[in-house]
Amino acid sequence: MPMEPLPDLSTLSLADIARLMAEKRLPPVDQWNPAHCGDSEMRIARDGTWYHQGSPIGRETMVRLFSTILRREPDGSHVLVTPVEKLDIAVEDAPFVAVELRTEGEGRTRTLAFRLNSGDLVTAGPEHMLSLRETADGPHPYLHVRGGLEALVTRSVYYELMNLALEEEGERVGLWSEGAFFPLDGAA
């Protein structure tokens, strides 16, 4: 069964994005508890590239399919899970990458929608928090996707966010989305 083509975020309204998000049906990986079967010999690099046995997985549809059965375990590790097997997968940073931004409104009425490298659409808000973490090589923004899984926001999208935040000229550098404020200045 072929997968739907990835949406072009620039042509979608926020209503379209909300509809597509509501229509997406993910497998209930949080309800599956099979015995651990071993290692998938797969790795997700920091840039979002998926590898199997050291070689990049070239079929985008395979990556998109695998991303739907990805789960984060309570110990922070990642697994690919089906009703009958659970396999470890190495994740260098975050399993997803936010590669595109769509925004509507301003100030408290703004909504930020992101397209991930997996094709998923995520709207930042109380259930999908946007956070900034200080690391050895500077601040890095992350977006909560689902079940403890996060997306690293690409540098270009982060710059878009910062430009929007600086244009807002609020008390703090940050943005609102879906009624939640997300500071982007690194202050606690």
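That block above? That's the structure.
What comes next concerns the included structure. Since the model is a prediction, treat every value here as computed from it, not as a measurement.

Things to note about the pairing of strand S7 (residues 96-104)
When S7 meets strand S12 (residues 149-153), the two strands line up parallel, connected through three bridges. What sits directly across from Ala98, in S12, is Val153. Judged from the six bridges that link them, S7 and strand S8 (residues 111-116) form a sheet pairing that is antiparallel. Within S8, the residue paired with Arg102 across the bridge is Ala113. Counting the residues that bridge the hairpin from S7 to S8 gives six residues, and of these Gly105 lies at a positive phi of roughly 85°.

Quick word on the pattern of salt bridges
Here the structure, examined in full by the defined rule, presents nine salt bridges. Of the charged contacts, one joins Arg110 and Glu168 as a salt bridge, the two residues approaching to 2.5 Å between their closest N and O atoms. Of this pair, Arg110 sits in the loop between S7 and S8 while Glu168 sits in helix H3 (residues 155-168); the two residues are 58 residues apart in sequence, bridging distant segments of the chain. On the accessibility criterion, Arg110 (5% relative accessible area) is buried.

Focus: the side chain of Ser118
If you trace the backbone, Ser118 turns up in the loop between S8 and strand S9 (121-123). A distance of 2.6 Å separates polar atoms of two side chains, one belonging to Ser118 and the other to Asp120.

A look at the sheet that holds S7
Ordered by their spatial adjacency, six strands build an open sheet running S9-S8-S7-S12-S11-S10, and the pairing between neighbours is mixed. Taken across any chain shown, the strands that pair with only one partner, and hence form the sheet edges, are S9 and strand S10 (130-135). Going from strand to strand, the sheet's axes swing by 40° on average, the running direction of each strand aside. On top of the sheet, H3 reaches S7, S8, S10, strand S11 (138-146) and S12; it is set at about 30° to S7, its chief contact.

Comments concerning the nonpolar core
By size, the foremost hydrophobic cluster in this structure holds 37 residues, and its most contacted members are Leu112, Phe114, Leu130 and Leu161. With six residues, H3 is the largest single contributor of residues to this core. Setting aside chain neighbours within four positions, we find Leu161 in contact with Leu101, Leu112, Phe114, Leu130, Val153, Leu175 and Leu184.

Quick notes on helix H2 (residues 60-67)
Side chains three or four residues apart in an α-helix point the same way, a direct result of the helix having 3.6 residues per turn. Within the span of H2, buried status applies to Val63, Arg64 and Ser67. One side of H2 holds all its buried residues, which, seen down the axis, span an arc of 100°. Here the buried face of H2 lies against strand S2 (50-52), strand S4 (70-72), S7 and S11.

Observations concerning H3
Over its 14 residues, H3 runs 20 Å from end to end, which matches the ideal 20 Å to within 8%, given 1.5 Å per residue. Taken residue by residue, H3 has Val157, Tyr158, Leu161, Met162, Leu164 and Ala165 as its buried positions. The buried residues of H3 occupy one face: seen down the axis, they fall within an arc of 160°. Residues of H3 that are exposed and point over 90 degrees away from its buried face: Arg155 and Glu167. Summarising the contacts, the buried residues of H3 are in contact with S7, S8, S10, S11, S12 and strand S13 (174-177). The positive-phi residue at the C-terminal boundary of H3 is Glu169, with phi of around 50°.

Structural notes on the packing of aromatic side chains
In total, this model carries three aromatic pairs according to the counting rule given. Their ring planes at 15° and their centres at 6.3 Å tell us that Trp50 and Phe66 sit as a pair that is stacked. Placement of Trp50 in strand S2 and of Phe66 in helix H2 is noted, with a sequence separation of 16 residues between them. Judged by relative accessible area, Trp50 falls into the buried class, the value being 3%. Positioned over the ring face of Tyr51 is Arg43, at 4.2 Å from the centre of the ring. One residue, Arg133, lies across the ring of Tyr142, its end atom 4.1 Å from the ring centre.

Cut-offs and rules
- Residues numbered from 1 in each chain as written.
- Predicted model: local features only at pLDDT ≥ 70, side-chain atom pairs only at ≥ 80, totals over all residues.
- Heavy atoms only, no water.
- Pairing = 2+ DSSP bridges.
- Helix = DSSP H or I, 4+ residues; strand = E, 2+ residues; numbered from the N terminus.
- Salt bridge = Lys/Arg side-chain N within 4 Å of Asp/Glu carboxyl O.
- Buried < 20%, exposed > 50% of the residue type's maximum accessible area, 1.4 Å probe, protein only.
- Polar contact = N/O pair within 3.5 Å; in protein donor to acceptor, adjacent residues only side chain to side chain.
- Axes fitted to C-alpha atoms, helices over the stretch in contact; angles between N-to-C directions.
- Contact = heavy atoms within 4.5 Å.
- Core = buried A, V, L, I, M, F, W, Y, C linked by side-chain atoms within 4.5 Å.
- Arc of directions from axis to C-beta.
- Expected span 1.5 Å × (residues − 1).
- Phe/Tyr/Trp six-rings, centres within 6.5 Å; stacked < 30°, edge-to-face > 60°.
- Lys NZ or Arg CZ within 6 Å of the ring centre and 35° of its normal.

Function cannot be read off these values alone, since they describe shape.
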